[in-house]
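Here is what each chain is made of, one letter per residue.
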Amino acid sequence: MPHSDNVRPHENKGHLTPAHGGRLVRLLVDRDRAAELSDQSRSFPSWDLTAAQTSDIEHLLTGAYSPLTGYLRRQDYEAVCANSRLTSGVFWPLPIVLDVPESTASSLEVGSSLALRDAEGVMVAVLTISEKWKPDLQAEAQAVFGTTSRDHPGVDRLLSTTNEWYLAGDLAGTTLPMHPDFPSLRLSPAEIRTEFSRLGWRRVIAFETNRPIHRADQVYMLREAMSDGAKLLLHAVVSAAQDEDKDYFARVRCYQAALPYYPHLSVKLMLSTVGLRLAGPRESLLRAIVNQNCGCSHFIASTDLVTASGEGNSADALVAYHSEFAGGLAISVKPASRLLYVPDLDDYVERANVPDGARVLTMSDKEVGERLDTGRDLPSWYTFREVKRELRRAHPPRHKQGFTVFFTGLSGAGKSTVAKVLQVKLLQMGDRPVTLLDGDIVRRNLSSELTFSKDHRDLNIRRIGFVASEITKNGGIAICAPIAPYNAVRKEVRQRIDPLGGFVLVHVSTPLETCEARDRKGLYAKARQGMIKEFTGISDPYEAPDDADVVIDTTGIAAEEAVWEVISHLERQGYLGSGIKEEDNL
Ligand code: PPS
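These remarks concern the structure in this document. (Residues numbered from 1 in each chain as written. Predicted model: local features only at pLDDT ≥ 70, side-chain atom pairs only at ≥ 80, totals over all residues. Heavy atoms only, no water.)

1. Some details on the overall build of the chain
- When its secondary structure is counted, the chain shows 20 helices and 18 strands.
- Seen along its three principal axes, the alpha-carbon backbone of the chain occupies a region of about 85 × 70 × 45 Å.
- Per-residue burial for the chain yields a buried fraction of 52% across its 586 residues.
- Relative to all contacts within the chain whose residues are 6 or more apart in sequence, the contacts with residues 24 or more apart total 74%.
- For the chain, the computed accessible surface area is about 26,500 Å², with 50% contributed by carbon and sulfur atoms.
- Of the charged side chains in the chain, 68 are positive and 77 negative; the average position of the first set lies 3 Å away from that of the second. (Helix = DSSP H or I, 4+ residues; strand = E, 2+ residues; numbered from the N terminus. Buried < 20%, exposed > 50% of the residue type's maximum accessible area, 1.4 Å probe, protein only. Contact = heavy atoms within 4.5 Å. Areas by Shrake-Rupley, 256 points an atom, 1.4 Å probe, with all protein chains shown as cover. Lys, Arg positive; Asp, Glu negative; His and termini not counted. Charge placed at Lys NZ, Arg CZ, Asp CG, Glu CD.)

As structure tokens, this is what we get:
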């Protein structure tokens, strides 16, 4: 469907689409002024921007949020919430505000300057405070999200993480936040406009996505471009806080790998860090404005991206909101569709155009994940060879992923003995580095200052969990063998490690009587005599896990036998060589 069926495209002969509000408003001052502000800022109070605030300020400074000159004044904020307009009458869909806590706001005078600093402490801008006020966040949630229910993740984030005070005022930008990652893909609106002009592009369709590009997406983009006689800007949505976006590097490499499948000089790739708010149509149109400010004439919105699950038809919601509020926007906007692969036609078609009775092939993200985990192939109708290779590098099959085996059990239960034999067996296999984090070793090297209080035991387990998560993330094997008597912190560690590779909880369930009878270190005797306080099982609790993957009672069995139970589990889960050589499938 060409754009003109939805929203009248901007007729724009010979020039790129003008910025929203008429001109690109860049807020970076020149070098001399920046140096002057830097000197003066020694006497200014400072505010350390959060990741989301850093993303907003970057868009303000580069002009991506033109025509804004800073954070919204109260009247503009209220007008935006009520009817998506600034008081000047210009369409604006979402509040762009700076929230600070009471402790900061109380010391700030209207008219004074505030130094805004990024995560590294570098001052990126000076805010001249024109107003400060306490917003009604419930009212903002109702206006922006259409609900105040905390079940909506966007509402929940707004209500739980926003500080009590909003500051308004104009910004003088001194430098942009640093992006050492993929700097060539971090183009400002002015830079991308220059690039479009250099290439002679006039009509440009912007696509946004936060998923890798596969064949159906590429066909869809090219068809849209052809029907509008336009070129393409692929605006990849990435998180401002990279550690929240675990697949970030691999995903960007996937985009780069897909680019050669577009005709020569027909597509530009750029990263967008406009933070996800899940604010539905309002958010899609903020993104449309950013793309218009980049010079694009058309915007195809991934409405699923900005919609909380279960919120109804996001595409219809966008069309309805657009026609009510954003009719005058110069960039034309329409919701994205997905094409389906019809093998009999060997073609990709919209759902509505699938011939009656024709077989359709699709693949859910879950199935893709399962195929990668087990080293199975991804079919060529689904994706490109080079994209597949990048996905494989980022998601090796389980027998090449890192994992953690976490033993828990009473002192003397046999954890260390079994863990040591397991370490040897895994080293013998030789395909991954193995690290043993035994209770005693950790207490000596990482946690020597800790006692056996509940708080300190939990801290000890969190430290072990952190080290194991780093090992797992980097493809190694971590074997942990602390007592870890508390359920909640064990679960916390599982949650941390699970997404990074495997996590296997082994409960060494040898009963207290056996452990006490063994009393290898003489500690039980001392504990009984009260010479050792807070001794697990005697004078301190042990919560048996309800989520153990393997349970081993070492009473009367050799360590070797116990280890085979763990190894069998790892084999069943696919973590120990399956014989499938995924390279064969490339
Ligand atoms: S915890 O609870 O997970 O932090 O404990 P962990 O780091 O594994 O340390 C347990 C080892 O410390 C010795 N020890 C004690 N254990 C339990 N309670 C008390 N009060 C205590 N004091 C010293 C004991 O040798 C444990 O080693 P293992 O290998 O489990 O026998």
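2. Topic: the pairing of strand β8 (residues 231-237)
- Most of β8 sits inside the fold, with six of its seven residues counted as buried.
- Sheet analysis places strand β7 (residues 204-209) next to β8, joined by six bridges and oriented parallel. Across the sheet, Glu208 pairs through a bridge with His235, a residue of β8.
- One crossover worth recording links β7 to the parallel β8 by way of helix α8 (residues 215-228), and it is right-handed.
- Summarising the sheet, β8 and strand β9 (residues 267-272) pair through six bridges and their orientation is parallel. Opposite Leu234, over in β9, you have Leu269 as the bridge partner. (Pairing = 2+ DSSP bridges. Right-handed = clockwise from strand over helix to strand, strands pointing away.)

3. Considerations on the sheet that holds strand β18 (residues 550-552)
- Taken in spatial order, the five strands line up as β15-β16-β14-β17-β18 in an open sheet, and their pairing is parallel. Edge positions in the sheet fall to β15 (434-438) and β18, since each has one partner strand and no second. Taking the axes of each pair of neighbouring strands and ignoring which way they run, one obtains an average angle of 15 degrees across the sheet.
- Inspection of the sheet shows strand β14 (residues 403-408) paired to strand β17 (residues 502-508) by six bridges, in the parallel sense. Residue pairing in the sheet places Phe406 in a bridge with Leu505 of β17.
- Sheet contacts for helix α20 (residues 559-572): β14, β17 and β18; angle to β18, the most-contacted strand, approximately 175 degrees. (Axes fitted to C-alpha atoms, helices over the stretch in contact; angles between N-to-C directions.)

4. Considering helix α14 (residues 415-429)
- Across its 15 residues, α14 extends 21 Å between first and last C-alpha, which sits within 8% of the 21 Å expected from 1.5 Å per residue.
- Residues of α14 that are buried include every one of Lys415, Val418, Ala419, Val421, Leu422, Lys425 and Leu426, and no others. For α14, the buried positions fall inside an angular range of 165 degrees around the axis, keeping them on one side.
- Buried-residue contacts for α14 involve β14, β15, β16 (477-481), β17 and α20. (Expected span 1.5 Å × (residues − 1). Arc of directions from axis to C-beta.)

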